[in-house]
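Inside the fold
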Amino acid sequence: MPASPTSTPGIFATIVAVFRQNRVPCLVLNVFAVALVVSYYQVPALAGFWESLGAFKTHWSFAFSCVSTMFAAALMPTGIQRIMGTLPKEGGGKRLLLLMLFWGYRGMEIDLFYHFQTWMFGDAHDGATLVKKVLVDQFIMSPIWFVPTYVIALRWVELGGSWARTRPTLNREFWTRTCPTVLITNWLVWIPALALVYSLPAALQFPLFSVVMCFFILVVTMMTQRREVPEI
């Protein structure tokens, strides 16, 4: 079906608005990520801490990725929302449980994807390898899988874990406006952040991802107002 004359401008206007709203926190997040990477390569005392964290991640493997992502993307934001008074009075326990289930799974999935990237492109840190990994991550996996399933999952959580209530919301508006604007926001943070993540040794990539994710979700939580069905 052809797009209406006003649909495309509307989409671009929304994308521009998303960029303007998020450009400062996205810049701050990436400056913070740069500082963490620099601390690993240039500050010996902190490099020892990062090495210990990498060994801890290697030992616990997917259990680490599951628990750390639950904390960064579910427990911490929920606690901040409770302090802000933006959580619903009823169903908070179920909502937190659903968020933890989703993010625990998503953390292991992303960790597995990082292993796949290392298997496919190697563990070198040269520019060509970093570009390949970021391109596959952000321009293949994100638009096809990571972003749509993320938005669908959050809709499902906000609607009480009911697929019957979630399915009707996955309409044309969802695919032509909501997903593209979320993808743009995702790119603002994760294209530069992932260049930093993939520049680290394999054992430290997921820990840095977890730290950036934690602060990213906190920023989004502070910036957004809760609605019945969030305009993500």
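The structure contained in this document is the topic of the report that follows. (Residues numbered from 1 in each chain as written. Predicted model: local features only at pLDDT ≥ 70, side-chain atom pairs only at ≥ 80, totals over all residues. Heavy atoms only, no water.)

With that settled, consider the overall build of the chain. For the chain, the count of helices and strands is eight helices and zero strands. Ordering the α and β elements of the chain from the N terminus gives α-α-α-α-α-α-α-α. Taken across its 232 residues, the chain has 45% of its residues classed as buried. About 12300 Å² of surface is accessible on the chain, with carbon and sulfur atoms providing 72% of the total. (Helix = DSSP H or I, 4+ residues; strand = E, 2+ residues; numbered from the N terminus. Buried < 20%, exposed > 50% of the residue type's maximum accessible area, 1.4 Å probe, protein only. Areas by Shrake-Rupley, 256 points an atom, 1.4 Å probe, with all protein chains shown as cover.)

With that settled, consider the packing of helix H5 (residues 127-158) against helix H7 (residues 172-197). Between H5 and H7, whose axes approach to 9 Å, the crossing angle comes to 135°. Judged on the interaxial angle alone, H7 and H5 are oblique. For the element pair H5 and H7, the recorded crossing hand is right-handed. Per-class residue counts for the contact of H5 with H7 are 19 nonpolar, four polar and two charged. (Axes fitted to C-alpha atoms, helices over the stretch in contact; angles between N-to-C directions. Parallel < 35°, antiparallel > 145°, perpendicular 65-115°, else oblique. Left-handed = near helix turned anticlockwise from the far one by under 90°. Nonpolar A, V, L, I, M, F, W, Y, C, P; charged D, E, K, R; others polar.)

Let's shift gears to the environment of His-59. Mapped onto the fold, His-59 is located in helix H2 (residues 44-60). Judged by its relative accessible area of 60%, His-59 is exposed. Each C-alpha atom, one on His-59 and one on Ala-203, is 9.8 Å from the other, the two residues being 144 residues apart in sequence.

With that out of the way, let us pick up the nonpolar core. Core analysis: the largest hydrophobic core is formed by 52 residues, its most contacted members being Trp-103, Tyr-114, Trp-190, Leu-208 and Met-213. Every element with two or more residues in this core is listed here: helix H1 (7-42), H2, helix H3 (62-84), helix H4 (92-121), H5, H7 and helix H8 (202-223). Those residues within four positions of Tyr-114 in sequence are excluded, and the remaining contacts are Asp-137, Leu-194, Val-197, Tyr-198, Gln-205, Phe-206 and Phe-209. (Core = buried A, V, L, I, M, F, W, Y, C linked by side-chain atoms within 4.5 Å. Contact = heavy atoms within 4.5 Å.)

In this section: the environment of Gln-205. Relative to the helices and strands, Gln-205 resides in helix H8. By relative accessible area, Gln-205 is classed as buried at 3%. Taking the C-alpha atoms as reference points, Gln-205 and Tyr-114, separated by 91 residues in sequence, lie 8.0 Å from one another. Those residues in contact with Gln-205 that sit more than four places away from it in its chain are Tyr-114, Lys-133, Val-197, Tyr-198 and Leu-200. Within the local environment of Gln-205, its side chain forms a polar contact with the backbone oxygen of Leu-200, the two atoms lying 3.1 Å apart. (Polar contact = N/O pair within 3.5 Å; in protein donor to acceptor, adjacent residues only side chain to side chain.)

So, about a nonpolar patch on the surface. A surface patch of nonpolar side chains, amounting to about 480 Å² of accessible area, comprises Tyr-105, Met-108, Ile-140, Ile-144 and Trp-145. Within the residue set of the nonpolar patch, elements represented by two or more residues are H4 and H5. Ranked by residues supplied to the nonpolar patch, first place goes to H5 with three residues. Summarising the element assignment, Tyr-105 is placed in helix H4. The class of Tyr-105 is partly exposed, set by a relative accessible area of 40%. (Patch = residues over 30% accessible without salt bridge, like charges linked within 9 Å, V, L, I, M, F, W, Y side chains within 5 Å. Salt bridge = Lys/Arg side-chain N within 4 Å of Asp/Glu carboxyl O.)

The next point concerns the packing of H2 against H3. At a minimum axis separation of 5 Å, H2 and H3 run at an interaxial angle of 110°. Viewed along their axes, H2 and H3 adopt a mutual orientation that is roughly perpendicular. Residues Leu-53, Phe-56, Lys-57 and Trp-60 of H2 lie in contact with H3, whose contacting residues are Phe-62, Ala-63 and Phe-64.

As a further point, take H3. The terminal C-alpha atoms of H3, which comprises 23 residues, lie 32 Å apart, in line with the 33 Å expected from a rise of 1.5 Å per residue. Along H3, the sharpest kink reaches roughly 40°, centred on Phe-71. Buried within H3 we find Phe-64, Ser-65, Cys-66, Ser-68, Thr-69, Met-70, Ala-72, Ala-73, Ala-74, Pro-77, Thr-78 and Gln-81. After H3 finishes, the residue Gly-85 shows a positive phi value of roughly 75°. (Expected span 1.5 Å × (residues − 1). Bend = angle between axes of the 7 residues up to and from the residue.)

Take it as geometry only, folks, not as evidence of what the structure does.
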